[in-house]
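# What the coordinates show
Letter by letter, the chains look like this.
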Amino acid sequence: MNARDAGSPDASSPVVAPPALTGPVEDYLKAIYELESRFGAAATSDVANALDVAPASVTGMVRRLATQGYLDHVPYRGVQLTPRGRQAALRTIRRHRILESYLTGVLGYPWDRVHDEAERLEHAASDDLIERMAAALGHPTADPHGAPIPTVDGIVEEQPHRTLAELPVGETARMLRVSDKNPSLLRYLAEIALQPGAEVTMVSRAPFDGPLTLRIGKNEAVVGPNLAAQVLVEAMPSTGPRSADASGSHTAAAAAKPKSRKSTAR
């Protein structure tokens with residue numbers, strides 16, 4: 001049986017769009033995706049807090065979405081997205097992050113103002129408009145805050161990371177990502193030039209959860225542990241000085257070899 005017989009669309013078949021979802025449903029699926037990514041499942045109370053709605057409202061919506069095949073219940077833990085629910089959530093997340101990228105990259109919005117605009121537009125913009133925006137931007141893979149943009153097929157690539165608060169003293173990392181939901185935090189990070197792609201070194205830590213001194217580029221900044229815990233960083237690739245150190249270690253080892261052989265002869 002060929003693809004046509006199996007019911008696969010051919011070039012003459014119209015593309016079937018996914019069923020239209022209301023804005024509130026998209027918000028629920030997106031919030032559940034984010035909670036599930038962090039905790040493995042989304043508890044009703046956490047969904048209510050994320051969306052600022054009453055727990056009773058969440059219970060009713062969760063029951064409805066489960067009936068429609070978007071969610072599965074996890075005993076004693078909450079809910080998880082089904083493949084259908086995950087695809088719908090990632091579609092909304094893609095729209096949101098492309099909108100943020102377009103607002104900053106083309107329209108010149110500062111990165112602390114795009115979240116609320118994208119929240120409003122993500123439910124109204126057509127898929128065609130979103131893809132034209134993505135093409136105009138050169139198909140970005142991350143939004144202005146460093147969050148990965150899911151592909152049209154619903155694939156999202158998460159990079160390995162840790163928080164800035166976990167960076168050891170003396171180590172340098174690259175700023176990877178921060179949440180887009182706190183405008184005040186984003187404005188402050190912009191002031192100290194701590195944005196995705198910036199190289200940051202942990203200079204020192206004050207004891208007893210005291211402030212952290214960072215070197216960002218050529219400048220130093222002092223931040224609190226709570227702020228640093230909200231900034232994700234990635235390890236830097238091997239640099240020149242480290243290679244030189246390694247080379248020096250090999251030289252020292254080579255110089256020590258005659259002594260080692262003499263000791264063995266004894």
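Procedures and definitions
- Residues numbered from 1 in each chain as written.
- Predicted model: local features only at pLDDT ≥ 70, side-chain atom pairs only at ≥ 80, totals over all residues.
- Heavy atoms only, no water.
- Helix = DSSP H or I, 4+ residues; strand = E, 2+ residues; numbered from the N terminus.
- Buried < 20%, exposed > 50% of the residue type's maximum accessible area, 1.4 Å probe, protein only.
- Contact = heavy atoms within 4.5 Å.
- Areas by Shrake-Rupley, 256 points an atom, 1.4 Å probe, with all protein chains shown as cover.
- Phe/Tyr/Trp six-rings, centres within 6.5 Å; stacked < 30°, edge-to-face > 60°.
- Lys NZ or Arg CZ within 6 Å of the ring centre and 35° of its normal.
- Polar contact = N/O pair within 3.5 Å; in protein donor to acceptor, adjacent residues only side chain to side chain.
- Arc of directions from axis to C-beta.
- Salt bridge = Lys/Arg side-chain N within 4 Å of Asp/Glu carboxyl O.
- Pairing = 2+ DSSP bridges.
- Axes fitted to C-alpha atoms, helices over the stretch in contact; angles between N-to-C directions.

### Structural notes on the overall build of the protein chain
When you go through the protein chain residue by residue, the secondary structure sums to nine helices and eight strands. Counting every position in the protein chain, which comprises 266 residues, the buried fraction comes to 34%. In the protein chain, 62% of the contacts between residues at least 6 apart in sequence involve partners at least 24 apart. When the accessible surface of the protein chain is summed, it comes to about 15,700 Å², and 54% of that surface belongs to carbon and sulfur atoms.

### Here we look at the packing of aromatic side chains
Evaluation of the coordinates by the stated rule reveals zero aromatic pairs. When the ring centre of Y70 is taken as origin, the NZ or CZ atom of R84, which lies over that ring, is 4.4 Å away.

### Concerning the side chain of R94
Mapped onto the elements of the fold, R94 is located in helix α4 (residues 83–105). A residue is classified by how much of its surface remains accessible, and R94, at 10% relative accessible area, is buried. Within the structure, R94 has its side chain in polar contact with the side chain of E131 (distance 2.6 Å).

### Looking at helix α6 (residues 127–136)
Counting along an α-helix, one turn takes 3.6 residues, and residues three or four places apart therefore face a common direction. Considered for burial, the residues of α6 that qualify are I130, M133 and A134. When α6 is viewed along its axis, its buried side chains cluster within an angular range of 100° and face the same direction. Turned more than 90 degrees from where α6 packs its buried face, R132 and A136 sit exposed. Where α6 ends, the next residue or the one after it, G138, has phi of about 80°, a positive value.

### Some details on the pattern of salt bridges
All told, the structure shown has 14 salt bridges when counted by the stated rule. Note that K181 and E34 form a salt bridge whose closest N and O atoms lie 3.1 Å from each other. With K181 in the loop between β4 (172–178) and α7 (183–191) and E34 in helix α1 (residues 23–39), this pair connects stretches of sequence that are 147 residues apart. The class for E34 is partly exposed, based on a relative accessible area of 27%. A salt bridge links E171 to R162, with the shortest nitrogen-to-oxygen separation between them at 2.1 Å. Residue E171 is classed as partly exposed on the basis of its relative accessible area, which comes to 22%.

### Here we look at the sheet that holds strand β3 (residues 162–163)
With antiparallel pairing, the six strands of this open sheet are ordered in space as β3-β8-β4-β5-β6-β7. Each edge of the open sheet carries a strand with a single partner, namely β3 and β7 (219–223). Here β3 runs beside strand β8 (residues 231–235); their pairing, made up of two bridges, is antiparallel. Residue pairing for β8: T163 is matched across the bridge by L232. Set on the sheet, α7 makes contact with β4, β7 and β8; between it and β4 the angle comes to about 150°.

### Re the environment of A42
Among the secondary structure elements, A42 is positioned in the loop between α1 and α2 (44–51). A42 gets classed as buried once you look at its relative accessible area, which sits at 2%. Considered as a pair, A42 and V74 are 32 residues apart in the sequence and their alpha carbons are 8.9 Å apart. Sequence-distant contacts of A42, that is, excluding residues within four places in its chain, are made with I32, L35, V47, R77, G78 and V79.

### Overview of the environment of D112
Relative to the helices and strands, D112 is located in the loop between α4 and α5 (114–121). By relative accessible area, which is 13% here, D112 ends up buried. For the pair formed by D112 and R187, sequence separation is 75 residues and the distance between their alpha carbons is 6.1 Å. A polar contact of 3.1 Å, which involves the side chain of D112, links it to the side chain of R187.

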